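# Architecture at a glance
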Amino acid sequence: MSLKSGLGYDIHRLKEGKKLYLGGIQILSSKGLVGHSDGDCLIHAIIDALLGAAGEGDIGQWFPPTDPRYKDVRSSQLLKEVMRRIEERGIEILHVDTIIITEKPKLFSYIPRMKETLASLLQIRPEDLGIKAKTNEGLGAVGREEAVAAWATALVRQK
Ligand code: MG
């Protein structure tokens, strides 16, 4: 048995008139994230943390932005695909921690539902998943409400 950790990061541009998906749920907002998929940068960061811990490359290798199969796909579907591989490998997820960085909208009220959705996708208990939302103090692209960024770590056990 061995423990492994993984780290993931992602950032996507915000655009007026698009739906906003973060952490697998839809958030009320006039702007949404631009991406080949639904642009859910929190799920993308979690996927990269899991792939990093599993030694399975990165999200760009798994789901190339040039592949029409993944055009406008919900990122929860991508996470399900990665989870199938994690299970095949006999890897157990022990803990996932995350940070979402966004100036607007405020995410506090969405966190319980995000937690429930993501814990179920990751097949872990809600108490084994951390979701923290913070602002960028008005600085940079995130501070100007032009983008949303996310970080994630994963701790896994190879059985
Ligand atoms: Mg991404």
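Let me sum up the structure you'll find in this document. Keep in mind that this is a model prediction, so the values were computed, not measured. (Residues numbered from 1 in each chain as written. Predicted model: local features only at pLDDT ≥ 70, side-chain atom pairs only at ≥ 80, totals over all residues. Heavy atoms only, no water.)

Attention now moves to the coordination of the magnesium ion. On the protein side, the magnesium ion has Asp10 (OD), His12 (NE2) and His44 (ND1) as donor atoms, found 2.1 to 2.3 Å from it. Donor residues binding the magnesium ion come from one chain and are separated in sequence as D-x1-H-x31-H. With a gap of 34 residues between them, Asp10 in strand 1 (residues 2-16) and His44 in helix 1 (residues 41-54) connect regions that are remote in the sequence. When sorted by exposure, Asp10 lands in the same class as His44, which is buried. (Donors = N, O, S within 2.8 Å, 3.2 Å for Na, K, Ca; no water. Helix = DSSP H or I, 4+ residues; strand = E, 2+ residues; numbered from the N terminus. Buried < 20%, exposed > 50% of the residue type's maximum accessible area, 1.4 Å probe, protein only.)

Here we come to the packing of helix 1 against helix 3 (residues 75-88). Look at helix 1 against helix 3: their axes get within 10 Å of each other, and the N-to-C directions meet at 15 degrees. In terms of axis orientation, helix 1 runs roughly parallel to helix 3. At the point where helix 1 passes helix 3, the crossing takes the left-handed sense. Between helix 1, through Ile43, His44, Ile47, Leu50, Leu51 and Ala54, and helix 3, the contact on the second element is made entirely by Ser75, Ser76, Leu78, Leu79, Val82, Met83 and Ile86. A class-by-class count of the residues in the contact of helix 1 with helix 3 yields 10 nonpolar, 3 polar and no charged. (Axes fitted to C-alpha atoms, helices over the stretch in contact; angles between N-to-C directions. Parallel < 35°, antiparallel > 145°, perpendicular 65-115°, else oblique. Left-handed = near helix turned anticlockwise from the far one by under 90°. Contact = heavy atoms within 4.5 Å. Nonpolar A, V, L, I, M, F, W, Y, C, P; charged D, E, K, R; others polar.)

The next subject is helix 3. The end-to-end C-alpha distance of helix 3 is 20 Å, a good match for the 20 Å that 14 residues give at a rise of 1.5 Å each. What helix 3 keeps buried is the set Ser75, Ser76, Leu78, Leu79, Val82, Met83 and Ile86. Each buried residue of helix 3 sits inside an arc of 150 degrees when the element is viewed along its axis, so together they form one side. For helix 3, the secondary structure elements touched by its buried residues are helix 1, helix 2 (59-62), strand 5 (91-101) and helix 4 (111-122). Positive phi appears at Gly90, one or two residues downstream of helix 3, with a value of about 70 degrees. (Expected span 1.5 Å × (residues − 1). Arc of directions from axis to C-beta.)

Attention now goes to the pairing of strand 5. In terms of strand pairing, strand 5 meets strand 7 (residues 147-158) through 10 bridges, oriented antiparallel. When the bridges of strand 7 are listed, His95 appears paired with Leu155. Examined bridge by bridge, strand 5 and strand 6 (residues 129-134) share 6 bridges and lie parallel to one another. Looking across to strand 6, one finds that Asp97 is bridged to Gly130. Handedness of the strand 5-helix 4-strand 6 crossover: right-handed. (Pairing = 2+ DSSP bridges. Right-handed = clockwise from strand over helix to strand, strands pointing away.)

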